[in-house]
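Below, each chain spelled out in residue letters.
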Amino acid sequence: MRILQLNTYDGGGGAEAVAARLHAAYRSAGNAAWFGVKRKRGTAEGVFAIPRTRGAGIWERSLLGLADRL
């Protein structure tokens, strides 16, 4: 299975910790899992920061706006 998670951070308390544990569990179960975050704090495999650029396309602006609200 291929899994993509989106969150504001990859480490911290509350929702960030739950999302990070889910990501680790998905990968340890053999799934192709990626975790896109607004700001990357850790060094776990499969985690990447979503670049914030001016003039971004509609999808990128929408995802970054959603990440800000969450």
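Heads up: the structure comes first, above all this text.
Bear in mind that the values here come from a model prediction, so they are computed numbers and not experimental data.

About the criteria used
- Residues numbered from 1 in each chain as written.
- Predicted model: local features only at pLDDT ≥ 70, side-chain atom pairs only at ≥ 80, totals over all residues.
- Heavy atoms only, no water.
- Helix = DSSP H or I, 4+ residues; strand = E, 2+ residues; numbered from the N terminus.
- Rg over C-alpha atoms; globule rule 2.2 N^0.38 Å.
- Buried < 20%, exposed > 50% of the residue type's maximum accessible area, 1.4 Å probe, protein only.
- Contact = heavy atoms within 4.5 Å.
- Areas by Shrake-Rupley, 256 points an atom, 1.4 Å probe, with all protein chains shown as cover.
- Lys, Arg positive; Asp, Glu negative; His and termini not counted.
- Charge placed at Lys NZ, Arg CZ, Asp CG, Glu CD.
- Pairing = 2+ DSSP bridges.
- Right-handed = clockwise from strand over helix to strand, strands pointing away.
- Expected span 1.5 Å × (residues − 1).
- Arc of directions from axis to C-beta.

### As for the overall build of the chain
Move 1: Within the chain, the secondary structure is distributed over 2 helices and 3 strands.
Move 2: By the compact-globule yardstick of 11 Å for 70 residues, the chain fits well, its C-alpha radius of gyration being 12 Å.
Move 3: Taking the principal axes of its C-alpha atoms as reference, the chain extends roughly 40 × 25 × 20 Å.
Move 4: The buried share of the chain, taken over its 70 residues, is 29%.
Move 5: Residue pairs in contact within the chain that sit at least 24 positions apart in sequence constitute 48% of those at least 6 positions apart.
Move 6: Total accessible area on the chain is roughly 4900 Å²; 57% of this is exposed by carbon and sulfur atoms.
Move 7: Within the chain, the 5 negative side-chain charges are centred at a point lying 4 Å from the centre of the 11 positive side-chain charges.

### Comments concerning the pairing of strand E2 (residues 32-39)
Move 1: Pairing geometry for strand E1 (residues 2-9) and E2, over 7 bridges, is parallel. What sits directly across from Gln-5, in E2, is Phe-35.
Move 2: Regarding the hand of the β-α-β motif, the stretch spanning E1, helix H1 (residues 15-28) and E2 is right-handed.
Move 3: Direction of pairing for E2 relative to strand E3 (residues 47-49): parallel, over a ladder of 3 bridges. Each residue of the ladder has a partner; that of Gly-36, found in E3, is Phe-48.

### Focus on H1
Move 1: Between the first and last C-alpha of H1 there are 20 Å, a value that for 14 residues agrees with the 20 Å anticipated at 1.5 Å per step.
Move 2: Those residues of H1 that fall on the buried side of the exposure criterion are Glu-16, Ala-17, Ala-19 and His-23. Taken end-on, H1 shows its buried residues confined to a sector of 165°, consistent with a single buried face. Along H1, the residues that are exposed and aim more than 90 degrees away from the buried face are Arg-21 and Ser-28.
Move 3: On its buried face, H1 sits against E1, E2 and E3.
Move 4: Immediately beyond the C-terminal end of H1, within one or two residues, lies Gly-30, with a positive phi of roughly 95°.

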